[in-house]
Amino acid sequence: MIVRDFFNLQIPMRKNLMFYAFIMAGISLLLSCTNTNKSGDDGVVHSVLVTKPLSADEWSEKHITGIVNADKEISLGFKAAGQVKSIYVKDGQRVKKGTLLAELDDSDYLLGVQAYQAQYDQLEREVSRLEKLYKTGSVAGNDYDKAKTGLAQLKVALTVQKNNVDFTKLYAPFDGTVIKVNFQQSEMLDAGMPMFTYSTTGQYTVECNVPLSIYEQKDSIESISGSVGGKELKLDIISIVPKADNNQLFRMILGFRGGKPGALQPGMSVNVKLTIHNADFSDDMSIPLAALFNKDGKSYVWVVQDSVIVSKEVSVGAPDSEGSVRVFSGLSKDDNVVRCGAHTLQEGEKVRISEDSKETNKGDLL
């Protein structure tokens, strides 16, 4: 009985020990960047990972993603209202300028033309008779002028009806592709409703969103290339919109040198490579973004000097897509900069540089 009770007590104790072991393992992971170790009379000493500032290269490459867009994409609609009679194209179909795309039922407009034509013919004959009487002095000039004005107004109304008949047919305004047919046969449309989404054929651009770090170097971009499915493309800058969006990105429009390859279609992704010339490369350096911390609105890094932490104010640029920032002043190439854990350190604190920092941080990612 005593033995059985003893084992029953051991089971929850083992569960508690396992739970505390998991907690301690999680804490160890969180402190992996700046470990603490007891060091006799010196108290607690942080083990830190450091890096040397890297000199900026004369040439750098930036990789972004772009989307192929039609240079001109519009909505096509009828200039008259009516019921869709026939549709002669389908989604994705390429057509030539002047191709009949669709037409409306024109029967009501034709009746309108007949009615106005009959009124016009009758009034025209009446004006002709009044003209003869006016020349003989049998009709006042005011009456004759009113008849002529009425005839002119009726001619305008007749022309509108004839135009409406023409407007029941919708033609391709230029060589292009029918992206989407938005309505079906027998549906009723108002004038101007988008019957088709239509785009140019062979005239495309690549649209990219670039961060501030690239926008600031737009004048130093030496060449641009793209790739889709292993096929290399030559690109040129058409324009860069000088206003950032809500994500602080700038819209850059690229054009295809020598024309768009036939395999590309709107909506496809393009891997874009920018080759940038850093004119002042000899003076600038770069450090990991995680090494920075802010104090009183200024940027600082921790530097290890004789095993002691010292803060240094630095002037930096915008971070790039690789997680680095350019340093314009405040550091030398021989400084041991703490790569991470900046917010856990204090001025004058004694630290130990981790000997295996390169082994545990392949690629200098931390």
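The structure displayed is predicted, hence computed values, not measured ones. (Residues numbered from 1 in each chain as written. Predicted model: local features only at pLDDT ≥ 70, side-chain atom pairs only at ≥ 80, totals over all residues. Heavy atoms only, no water.)

Engineer: I tried to follow the overall build of the protein chain on my own but got confused; where do I start?
Structural biologist: Within the protein chain, the regular secondary structure consists of five helices and 26 strands. Look at the contacts in the protein chain between residues 6 or more apart in sequence, and 71% of them connect residues 24 or more apart. Working note: accessible area of the protein chain is about 22,300 Å², and carbon and sulfur atoms make up 53% of it. (Helix = DSSP H or I, 4+ residues; strand = E, 2+ residues; numbered from the N terminus. Contact = heavy atoms within 4.5 Å. Areas by Shrake-Rupley, 256 points an atom, 1.4 Å probe, with all protein chains shown as cover.)

Engineer: Is there a simple way to think about unusual backbone geometry in this case?
Structural biologist: What is expected of a backbone is that most residues other than glycine have negative phi and most peptide bonds are trans. Here the phi dihedral of serine 186 falls at roughly 80°; this positive angle occurs in a residue that is not glycine. Not every positive phi belongs to a glycine, and aspartate 296 is a case in point at roughly 55°. Note that aspartate 296 resides in the loop between strand 20 (293-295) and strand 21 (298-305).

Engineer: Please explain the sheet that holds strand 6 (residues 73-76) as it appears in this structure.
Structural biologist: Each strand in a sheet pairs with its neighbour through backbone hydrogen bonds, running either in the same direction (parallel) or in the opposite one (antiparallel). Taken together, the four strands give an open sheet; going across it, the order is 6-13-11-8, and neighbouring strands pair in antiparallel fashion. Strands with a single pairing partner mark the edges of an open sheet, and in this sheet they are strand 6 and strand 8 (94-95). The pairing of strand 11 (residues 176-181) with strand 13 (residues 196-200) spans five bridges and is antiparallel. Bridged to glycine 176 within strand 13 is threonine 200. (Pairing = 2+ DSSP bridges.)

Engineer: I keep staring at the packing of aromatic side chains and nothing clicks. Help me out?
Structural biologist: Geometry of an aromatic ring pair is reported as the spacing of the ring centres plus the angle between the planes. All chains considered together, the criterion is met by five aromatic pairs. Here the aromatic rings of tyrosine 215 and phenylalanine 250 are separated by 4.0 Å at their centres, their planes lie at 5°, and the arrangement is stacked. Linking tyrosine 215 in helix 4 (residues 212-215) with phenylalanine 250 in strand 17 (residues 250-256), this pair joins segments that are 35 residues apart in sequence. Like tyrosine 215, the residue phenylalanine 250 is buried in the burial classification. Note on phenylalanine 293 and tryptophan 302: the rings are 4.8 Å apart at their centroids and 20° apart in plane angle, and the pair reads as stacked. Using a relative accessible area of 6% as the deciding quantity, one classes tryptophan 302 as buried. In this structure, lysine 218 packs its charged tip against the face of tyrosine 215, placed 4.2 Å from the ring centre. The lysine or arginine in question, lysine 295, covers the ring of tyrosine 300, its NZ or CZ lying 4.9 Å from the ring centre. (Phe/Tyr/Trp six-rings, centres within 6.5 Å; stacked < 30°, edge-to-face > 60°. Buried < 20%, exposed > 50% of the residue type's maximum accessible area, 1.4 Å probe, protein only. Lys NZ or Arg CZ within 6 Å of the ring centre and 35° of its normal.)

Engineer: Explanation requested: the sheet that holds strand 10 (residues 169-171) in the structure shown.
Structural biologist: Read across the open sheet, the four strands follow the order 10-9-7-12; overall the sheet is antiparallel. The strands lining the two open edges of the sheet, one partner per strand, are strand 10 and strand 12 (188-189). Pairing analysis gives two bridges linking strand 7 (residues 82-87) to strand 12, with the strands arranged antiparallel. Paired with glutamine 83 across the bridge in strand 12 is methionine 188.

Engineer: Looking at this structure, how should I read the environment of aspartate 320?
Structural biologist: Mapped onto the elements of the fold, aspartate 320 is located in the loop between strand 23 (315-316) and strand 24 (324-329). For the pair formed by aspartate 320 and leucine 212, sequence separation is 108 residues and the distance between their alpha carbons is 8.5 Å.

Engineer: It is not clear to me how helix 3 (residues 141-167) should be interpreted in this structure. Could you clarify?
Structural biologist: An ideal rise of 1.5 Å per residue puts 39 Å on 27 residues; helix 3 measures up with 39 Å between its terminal C-alpha atoms. Along helix 3, the residues that are buried comprise Tyr144, Ala147, Leu151, Leu154, Leu158, Gln161, Asn164 and Val165. (Expected span 1.5 Å × (residues − 1).)

Engineer: Quick question: what am I supposed to make of the confidence of the model for the protein chain here?
Structural biologist: A low pLDDT score tells you not to read the predicted coordinates there in detail. Looking at the protein chain as a whole, its pLDDT mean stands at 81, while 80% of the residues score no less than 70. Confidence drops under pLDDT 50 across residues 36-42; counting only partners more than four residues distant or on other chains, this segment forms twelve contacts. Under a pLDDT of 50 for its full length, residues 357-366 has, in the predicted model, 13 contacts with residues more than four places off or in other chains. (pLDDT = per-residue confidence, 0-100.)

Engineer: Hey, could you run me through helix 2 (residues 107-136) in this one?
Structural biologist: Because each turn of an α-helix spans 3.6 residues, side chains separated by three or four positions in sequence point in the same direction. For helix 2, built from 30 residues, the straight-helix expectation of 44 Å at 1.5 Å per residue is met to within 8% by its first-to-last C-alpha distance of 45 Å. Turning to helix 2, its buried residues number three or more, namely Tyr109, Gly112, Val113, Tyr120, Val127 and Leu130. Check the buried side of helix 2 and you find it contacts helix 3. Downstream of helix 2 by one or two residues, glycine 137 has phi in the positive range, about 85°.

Engineer: What is the right way to read the environment of lysine 155 from this model?
Structural biologist: Positionally, lysine 155 belongs in helix 3. In this structure, the C-alpha to C-alpha distance between lysine 155 and glutamine 119, residues 36 residues apart in sequence, is 9.5 Å.

Engineer: Is there a simple way to think about the pairing of strand 17 in this case?
Structural biologist: As a general feature of sheets, a regular strand has side chains that alternate between the two faces. Across the seven residues of strand 17, six count as buried, placing the element largely inside the fold. Two strands pair when backbone bridges link them, and strand 14 (residues 204-210) and strand 17 are joined in this way by six bridges, in the antiparallel orientation. Residue pairing across strands places asparagine 209 opposite arginine 251, the latter belonging to strand 17. Looking at chain direction, strand 16 (residues 231-240) and strand 17 are connected through five bridges and run antiparallel. In the strand pairing of strand 17, serine 239 is matched with isoleucine 253.

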